[in-house]
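The residues making up each chain are set out below.
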There are 2 protein chains.
Amino acid sequence: MTDDRRLSFWAWGYEDRLPDDEERRELAARIEGMLGFPERPVVDYPTLDDVEMPAPRIEVPDDLSEFVTADRRPRASHTYGKGYRDLVRGFHGDFSSAPDVVATPRDEDDVEAVIEWATGENVAVVPFGGGTSVVAGVECDGDGYAGVCSLDMREMDRVLEVDEHSRSARIQAGATGPEIQEQLAEYGLQLRHYPQSYEFSTFGGWVATRAGGHFATRYTHIDDFVESVRAVTPAGSLETRRLPASGAGPDPNRFLLGSEGAFGVITEGWTRVQPRPPHRARATMRFDDYWDAVEATREIVQARLYPANCRLLDSDEAMLNELAFDGSHLLLLGFESTDHPVEDDLERAMTIAEDHGGTCPDGPSVEDRSTGDVEEEREDSEEGSWRDSFFEAPYMFNALVSMGVLVDTFETAVTWDQFSDLHAALQENVVGAMREECGAGFMSCRFTHVYEDGPAPYYTLLAPAEVGSELEQWRRIKETASDTLMEHGATITHHHAVGRVHRDHYHEEVPENYLQALRSMKRTLDPDGIMNPGALL
Amino acid sequence: MTDDRRLSFWAWGYEDRLPDDEERRELAARIEGMLGFPERPVVDYPTLDDVEMPAPRIEVPDDLSEFVTADRRPRASHTYGKGYRDLVRGFHGDFSSAPDVVATPRDEDDVEAVIEWATGENVAVVPFGGGTSVVAGVECDGDGYAGVCSLDMREMDRVLEVDEHSRSARIQAGATGPEIQEQLAEYGLQLRHYPQSYEFSTFGGWVATRAGGHFATRYTHIDDFVESVRAVTPAGSLETRRLPASGAGPDPNRFLLGSEGAFGVITEGWTRVQPRPPHRARATMRFDDYWDAVEATREIVQARLYPANCRLLDSDEAMLNELAFDGSHLLLLGFESTDHPVEDDLERAMTIAEDHGGTCPDGPSVEDRSTGDVEEEREDSEEGSWRDSFFEAPYMFNALVSMGVLVDTFETAVTWDQFSDLHAALQENVVGAMREECGAGFMSCRFTHVYEDGPAPYYTLLAPAEVGSELEQWRRIKETASDTLMEHGATITHHHAVGRVHRDHYHEEVPENYLQALRSMKRTLDPDGIMNPGALL
């Protein structure tokens, strides 16, 4: 369970970490100076009293009342994820799609009881982990249902079992990143899966949405760690066999990885874990030319050096993160190992970068540490500073939204041969759409993950929104970005999931008869269609 | 298409490579000396005239007669895979489950025409690649169908497109290992996926069965190379988007990987390829104690050194492969890179092995070569000699079967914490079953692949069969092995697939409602159930 500090009911993170008015004014000035946007007003954050929300359509059943509530605050907190559209509506007090009730099961029996009740009453059940979805994965209008029950898994937050010999752990779905970190620390182990939502998002949410972690190569998604998954579906519970690997039929874990609550709710799973890596080496390479930097990145990943970090920040992204203001593009390289020094790997990667015109003004940094935790990793290097802004960015988003700035991110993956066309088309179409809709627009790009056959670029958008029209402006810009991805052979999402926002484009991305097959599967596991209706399918 | 040398209609490989009588006598003597079996008679190999086969139940349709035949030889060649049970029946001329017709489509239109015709006539369609299945994946009795059509994909054997920049290639399903090797060589690229069946098995077969290749870590299954798959199902064709990675819903490639022809037939796919690795380093470590060797192997893989080869041969396996006769256990370590020297990685792995009592009498071998092909890799080292016997082993199996030796292999994967119990139980149960059934029995073990959380052990069985009862003897021994795997948390197969032989145990391994979901999926893609009935589901 998350600690006693109160989470905001409308915005990212803890209430007491929301930027205050002074910080917001500074941010406004910085945005104005950096991006040339007109100064934005600093409007008060909403309070729970400002919230408009329909009365619950259903009553809390007596026999579930110990862990199901229809109270105002939990309903507000479970209405949205944390995408731009969510923050805008939350900021303006619009909670019209609030769930009618919120369940917080304490164990699998409670989960089964909720699903049984929901089946009988035609109530839609929406699994909820950290509520950090940016694709409306937890928002359900309940059309065609008697009501909506948000199923918050965060009471089920235990690491149940650790197998130190095989380096794996059995973890409940509702455990957040820090909760897992803390419990595994007793064994000297870590999961080392740090999505940007790490502080709040949960193991079950990561599995359901195929979350991306901090490794740039090799272990890019939670998929790469999962040994087995347990889930409760309306057709009964299911548990895959815990195995290091198998070749027996289509991989059953892969049916739950990415299922986004549409088949059932994930309750726990076995995952691979690892000791903290004492060996580290990192360097920041600067490039004058973006395409030289892209080529260097491609060669590094194709050399199979397996960097843990291989983030290419274009000059706009470098500026946004206050790492460089001279127009250079930065390639942040990091290697880590639990077993052996990694400076040779870094050196080889730096050589490849240098062959493409990269320089390393600050030189590499090599470490061998045997103690510490994730907080200590945020040192005062560019890499560390970038990591800080990585975890702080969502708080800034809150503030920006409150000042009427349209701020969004989207990400994808595409083969190397198609990347330059895609990138150019996005620059033209998406920046064009921002200018048309908002009069101005800023787009930066970083690679979050890289593969031998292509990068996973991540784009950040900033534009001055018009209060009152911002959701429509956003919709047109987002549509332009998604259409461009589809036209250029890219995926609609590398690690943000499908939810409801990406659903139509997802249906364009995958073959129609595969979708039909997934629907058949859903009808078998969820015959009444109560599980997260509208997400994915 | 395979070359003009003729493939045996009943046994593994080329007719002219079947061991002759002299070689068989030598083999018999060696088996007798090594394993203590009674001398076995050398009986003539069967000829096509010896074959007993029912008349075809269906006629070749006129409009498909250009590529569909009911001739005796192709029917015999497409009756079985290459498992023990197949070789026994083939050797004895029993071809009672021969397909009625054999289709050899030249393109996707031909494939669609066959499926359309088969749907109309209620004919079962059995996709056929190299015919190297050891789990009856290509054998269908056709009960409940008007007849059976074997769909041999080997005319579709082209590398259609190569993207050198992204290091990927589009390959037709029927291309065999050597055909892919030859076509990619024009670009200086390789797939570097070498299952034991490499010479004959096909790209489509690898995808359909999740074949295991030569990499011991990291790229263990063909799954790790596939970017996209194209397939023809009775509900229409489908093609997944070619992507380096995606997080959009359950991975559509993973539904076809391991589908074993039950949903449709794979016609082509994009896969990652790579240049030939000029940097190699290898060493053979000897251990007196097996469990020390196991611990060393575990530590090496958990150190994330990513050896390309990490094969632990127990002393019986070392003897069988004529690599050691003094009771030592061998760990064959090999590293390779297209980009950088790998001797440091080897050295670190050797140090770990030495910490567990391993020695390296012959010292490591380090190479940096810039030319050569797979043939040249078979050098006169232990590693090379082992590789030779790896590719030659199936020919020896032919000969052993012809002399009444029961010879079989099975393989699995299990987490490290459960391996010692599993291994002990297999020793007791399976060797016990061989003794009970055959009066004697030999079982050796090697690790073919290793994971951070567990090994993939591969067992070879040899026992003196009683001619006439050997299939029943085999059935009991196989059942014992499979039951033991299920009881000890292992998988029924790491890379031999499910087919019909493993089907019941596969259904025990995966959750019942997952199986129901797979069946729903099949009903959607194959509504009349004509695709490889009885395999997998």
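Small disclaimer: the values here were computed from a predicted structure and weren't measured.

Here the focus is the overall build of chain A. Each helix and strand in chain A was counted, giving 15 helices and 18 strands. For 537 residues, the compact-globule estimate of 2.2 N^0.38 gives 24 Å, and the C-alpha radius of gyration of chain A, at 23 Å, lies within 12% of that figure. Within chain A, the proportion of its 537 residues that are buried is 67%. Contacts in chain A between residues far apart in sequence, at least 24 positions, make up 74% of those at least 6 positions apart. Carbon and sulfur atoms provide 43% of the accessible area of chain A, an area that totals close to 18000 Å².

On to the sheet that holds strand β6 (residues 168-172) of chain B. Residues and elements named next belong to chain B. Reading across the sheet, the five strands line up as β5-β6-β10-β8-β9 and stay open at both edges, with antiparallel pairing between neighbours. Bordering the open sheet on either side are β5 (159-163) and β9 (236-239), each of which pairs with just one other strand. Between one strand and the next, the sheet's axes are offset by a mean angle of 10 degrees, whatever the strand orientation. As paired elements, β6 and strand β10 (residues 265-272) share five bridges and run antiparallel to each other. For R170, the partnering residue across the bridge sits in β10 and is W270.

Turning our attention to the relation of the copies chain B and chain A. Overlay of chain B on chain A (RMSD 0.0 Å): rotation 180 degrees, translation along the axis 0.0 Å. Taken together, the turn and the small shift mark the pair as related by a two-fold rotation axis. Counting the interface residues of chain B, we find that 100% of their copies in chain A are interface residues as well, pointing to one common contact surface.

A word on the sheet that holds strand β4 (residues 147-152) of chain B. All names here are of chain B. The four strands lie next to each other as β1-β2-β4-β3, forming an open sheet whose pairing is mixed. Of all the strands in the sheet, the pair left with one neighbour each is β1 (68-69) and β3 (123-128). One ladder, built from two bridges, connects β1 with strand β2 (residues 101-103); its direction is antiparallel. Bridge pairing in β2 places V68 opposite A103.

The phi dihedral of A:N532 falls on the positive side, at around 40 degrees, and the residue is not glycine. As for its position among the elements, A:N532 is in the segment after α15 (512-525). Of note in this structure, B:E260 is not a glycine but carries a positive phi near 50 degrees. Here B:E260 shows up in the loop between α7 (253-256) and β10.

What follows is about the interface of chain B and chain A. Interface extent is often summarised as the accessible area lost during association of the parts. With 88 residues of chain B in contact, the opposing surface of chain A contributes 88 residues. Of the roughly 6900 Å² buried at the junction of chain B and chain A (both faces included), carbon and sulfur atoms supply 53%. Across the chain B-chain A interface, the total number found is six salt bridges. Ionic pairing is found between B:D339 and A:R348, a salt bridge with its closest N-O pair at 2.7 Å.

This paragraph deals with a negative patch on the surface. A surface patch of negative charge is lined by A:E343, A:D344, A:E347, B:E343, B:D344 and B:E347. Of all the elements in the fold, those that place two or more residues in the negative patch are α10 (343-355) of chain A together with α10 (343-355) of chain B.

Next up on the list: the pattern of salt bridges. Under the criterion given, the structure shown has 74 salt bridges over all chains. Taking the shortest distance from any N to any O, the salt bridge between A:R158 and A:D157 comes out at 3.1 Å. Judged by its relative accessible area of 42%, A:R158 falls in the partly exposed class. With a closest N to O distance of 2.9 Å, B:R24 and B:D21 form a salt bridge.

Moving on, we get to the nonpolar core. Core analysis: the biggest nonpolar cluster contains 294 residues, and A:L462, A:Y506 and B:Y506 have the highest contact counts within it. Sequence-distant contacts of A:Y506, defined by excluding residues within four places in its chain, comprise A:I492, A:V498, A:Y514, A:L515, A:L518, A:L536, B:A248, B:G249 and B:P250.

Okay, helix α1 (residues 21-35) of chain B next. Residues and elements named next belong to chain B. Helix length check: α1 (15 residues) gives 20 Å between terminal C-alpha atoms against 21 Å at 1.5 Å per residue, within 8%. Listed in full, the buried residues belonging to α1 are R24, L27, A28, I31, M34 and L35. An end-on view of α1 places all buried positions within 145 degrees of arc, on one side of the element. Turned more than 90 degrees away from the buried face of α1, the exposed residues are E26 and G33. At the N-terminal end of α1, a side-chain oxygen is found 3.2 Å from the backbone nitrogen of E22, two or three residues along, and the residue is D20.

Moving on to helix α8 (residues 290-302) of chain B. Residues and elements named next belong to chain B. Compared with an ideal rise of 1.5 Å per residue, which puts 13 residues at 18 Å, α8 spans 18 Å between its outermost C-alpha atoms and is within 8% of the ideal. Those residues of α8 that are buried lie in contact with β12 (279-287), β13 (309-313), β14 (329-337), α10, α12 (416-438) and β17 (442-451). A distance of 2.9 Å separates the backbone nitrogen of W291 from a side-chain oxygen at the start of α8, and that oxygen is part of D289.

The geometry of α15(A) relative to helix α15 (residues 512-525) of chain B is characterised by a closest axis approach of 8 Å and an angle of 140 degrees between their N-to-C directions. Relative to α15(B), the element α15(A) is oriented oblique. Of the two elements, α15(A) crosses α15(B), and the hand of that crossing is right-handed. Listed contacts from α15(B) to A:N513, A:Y514, A:Q516, A:A517, A:L518, A:S520, A:M521, A:T524 and A:L525 of α15(A) are B:N513, B:Y514, B:Q516, B:A517, B:L518, B:S520, B:M521, B:T524 and B:L525. The residue inventory of the contact of α15(A) with α15(B), partitioned by class, reads ten nonpolar, eight polar and no charged.

A full pass over the atoms with the stated rule returns 34 aromatic pairs over all chains. Ring geometry for B:F215 and B:Y219: centres 5.4 Å apart, planes at 55 degrees, overall tilted. Neither residue differs from the other here; B:F215 and B:Y219 are each classed as buried. Three or more aromatic residues joined by ring pairs make a cluster, and in this case those are A:Y290, A:W291, A:W416, A:F419 and A:F447.

Now for the pairing of β17(B). Residues and elements named next belong to chain B. Where burial is concerned, most of β17 is hidden: ten out of the ten residues are buried. Bridging between β17 and strand β18 (residues 454-464) involves nine bridges; their strand directions are antiparallel. Each residue of the ladder has a partner; that of Y451, found in β18, is G454. A loop of two residues connects β17 with β18, the two strands running antiparallel in sequence.

This part covers the environment of A:V467. In this fold, A:V467 is placed in the loop between β18 (454-464) and α13 (470-487). Considering only alpha carbons, one finds A:V467 and A:V430, 37 residues apart in sequence, at a separation of 20 Å.

What follows is about the state of the cysteines. Residues and elements named next belong to chain B. Applying the stated rule across the entire model yields zero disulfides over all chains. Lacking any disulfide linkage, C445 is separated from the closest cysteine sulfur, that of C310, by 13 Å. A relative accessible area of 0% means that C445 is categorised as buried.

Attention now moves to the confidence of the model for chain A. Residues of chain A with pLDDT of at least 70 account for 96%, and the chain-wide mean is 94. We note a pTM of 0.96 for the whole complex and an ipTM of 0.95 for its interfaces.

As a further point, take the pairing of β9(B). The sheet contact formed by strand β8 (residues 226-233) of chain B and β9(B) spans four bridges and is antiparallel. Counterpart to B:A231 in the pairing with β9(B) is B:L238.

Time to look at the packing of α8(B) against α12(B). Residues and elements named next belong to chain B. Closest axis-to-axis distance for the α8/α12 pair is 12 Å, and the angle between their directions is 155 degrees. Of the possible angle classes, the one that applies to α8 and α12 is roughly antiparallel. The element α8 and its partner α12 pack so that their crossing is right-handed. The residues of α12 that touch α8, namely those facing Y290, W291, V294, T297, R298, V301 and Q302, are W416, F419, S420 and H423. The class makeup of the residues in the contact of α8 with α12 is six nonpolar, four polar and one charged.

Rules used in this analysis
Residues numbered from 1 in each chain as written. Chains lettered and ligands numbered in written order. Predicted model: local features only at pLDDT ≥ 70, side-chain atom pairs only at ≥ 80, totals over all residues. Heavy atoms only, no water. Helix = DSSP H or I, 4+ residues; strand = E, 2+ residues; numbered from the N terminus. Rg over C-alpha atoms; globule rule 2.2 N^0.38 Å. Buried < 20%, exposed > 50% of the residue type's maximum accessible area, 1.4 Å probe, protein only. Contact = heavy atoms within 4.5 Å. Areas by Shrake-Rupley, 256 points an atom, 1.4 Å probe, with all protein chains shown as cover. Pairing = 2+ DSSP bridges. Axes fitted to C-alpha atoms, helices over the stretch in contact; angles between N-to-C directions. Least-squares fit on C-alpha atoms with pLDDT ≥ 70 in both. Buried area = accessible area lost by both parts, 1.4 Å probe. Salt bridge = Lys/Arg side-chain N within 4 Å of Asp/Glu carboxyl O. Patch = residues over 30% accessible without salt bridge, like charges linked within 9 Å, V, L, I, M, F, W, Y side chains within 5 Å. Lys, Arg positive; Asp, Glu negative; His and termini not counted. Charge placed at Lys NZ, Arg CZ, Asp CG, Glu CD. Core = buried A, V, L, I, M, F, W, Y, C linked by side-chain atoms within 4.5 Å. Expected span 1.5 Å × (residues − 1). Arc of directions from axis to C-beta. Polar contact = N/O pair within 3.5 Å; in protein donor to acceptor, adjacent residues only side chain to side chain. Parallel < 35°, antiparallel > 145°, perpendicular 65-115°, else oblique. Left-handed = near helix turned anticlockwise from the far one by under 90°. Nonpolar A, V, L, I, M, F, W, Y, C, P; charged D, E, K, R; others polar. Phe/Tyr/Trp six-rings, centres within 6.5 Å; stacked < 30°, edge-to-face > 60°. Disulfide = S-S within 2.5 Å. pLDDT = per-residue confidence, 0-100.

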